[in-house]
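Okay, here's what each chain looks like letter by letter:
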Amino acid sequence: MEVLKDLFDEKILEIINLFMENPEKRYFLSDVANITKINVTTTFRILNKLVSKGFLRATIVGKVRIYQLEKNEKTRELIKILKKEGSALDRFVTEVSTHPRIKKIILESKDKNHAKLILVGDFLPQSKINKTIEDIKSKENFVITFVEINENQYEGLRSFKNYNLEKKVIWQRK
């Protein structure tokens, strides 16, 4: 990260880092400006640039925009470059998502050394998933725990008012 500060605008890296630390969180313009301590006009310019390049998603609610990290190949590559901690979870998603029975991967919670996931699908390859988890744990000291649910259970959970799974989806089969 230090090398990149010499090459790129430090304010852009500061804003990108904010979104990478909380990929599922949504921010208002004023929130981003206050947290990063960058003036609102500069923050607005940077956010618009990141949206146009496909790194952030802007959702318009009423008269305000809400910004969130876009979940795509560009952001995964950026996370690999800028942040080492994100690579363990990205590696898990990349390896496990190759199995056709996995429909969605939901990030329930994450901290520096641990992630809890919900895997949606039927008859998932337990041995392949466990092997990937053990490999990541031994090489990167990052623990992943998961629970498997089928698509009917997922739809049932979605119907609960206070349990919004859609905003936590980190990968989904198209």
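Check the entry above for the structure.
The structure contained in this document is the topic of the report that follows.

Rules of the game
Residues numbered from 1 in each chain as written. Predicted model: local features only at pLDDT ≥ 70, side-chain atom pairs only at ≥ 80, totals over all residues. Heavy atoms only, no water. Pairing = 2+ DSSP bridges. Helix = DSSP H or I, 4+ residues; strand = E, 2+ residues; numbered from the N terminus. Contact = heavy atoms within 4.5 Å. Axes fitted to C-alpha atoms, helices over the stretch in contact; angles between N-to-C directions. Core = buried A, V, L, I, M, F, W, Y, C linked by side-chain atoms within 4.5 Å. Buried < 20%, exposed > 50% of the residue type's maximum accessible area, 1.4 Å probe, protein only. Phe/Tyr/Trp six-rings, centres within 6.5 Å; stacked < 30°, edge-to-face > 60°. Right-handed = clockwise from strand over helix to strand, strands pointing away.

## With respect to the sheet that holds strand S1 (residues 27–28)
In any sheet, the strands associate via hydrogen bonds between backbone groups, in a parallel or an antiparallel arrangement. Within the open sheet, the three strands sit side by side as S1-S3-S2. Their pairing is antiparallel. For this open sheet the edge positions go to S1 and strand S2 (56–61), each flanked by a neighbour on one side alone. Alignment of S1 against strand S3 (residues 64–69), held across two bridges, turns out to be antiparallel. Across the sheet, Tyr-27 pairs through a bridge with Tyr-67, a residue of S3. Contacting S1, S2 and S3, helix H2 (residues 10–21) crosses the sheet at an angle of about 75° to S3. Against the sheet, helix H4 (residues 40–52) contacts S2 and S3, and its axis sits at roughly 60° relative to S3.

## Overview of the nonpolar core
Ranked by internal contacts, the top residues of the largest apolar core, which has 20 residues, are Ile-15, Ile-16, Phe-19, Val-32, Leu-47 and Leu-50. Counting residues per element, the ones that place at least two in this core are H2, H4, S3 and helix H5 (73–82). Counting residues per element, this core draws most heavily on H2, at seven residues. Setting aside residues no more than four positions away along its own chain, Val-32 makes contact with Ile-15, Leu-18, Phe-19, Tyr-27, Thr-43 and Leu-47.

## Concerning the packing of aromatic side chains
This structure, assessed with the given rule, holds one aromatic pair. Geometrically, the ring pair formed by Phe-19 and Tyr-27 is edge-to-face, given 5.1 Å between the ring centres and 80° between the ring planes. The class for Tyr-27 is buried, based on a relative accessible area of 2%.

## Examining unusual backbone geometry
The backbone of Phe-123 shows a phi angle near 55°, a positive value even though the residue is not glycine. Non-glycine residue Asn-141 carries a positive phi angle of around 55°. Tracing the chain through its elements places Asn-141 in the loop between helix H7 (126–140) and strand S6 (143–149).

## As for the pairing of strand S5 (residues 114–121)
Among the eight residues of S5, six are classified as buried, and the element is accordingly described as predominantly covered. With seven bridges joining them, strand S4 (residues 102–110) and S5 adopt antiparallel strand pairing. Paired with Ile-106 across the bridge in S5 is Ile-118. Here S4 folds back onto S5 in antiparallel fashion, the turn holding three residues. For the handedness criterion, the β-α-β arrangement of S5, H7 and S6 is classed as right-handed.

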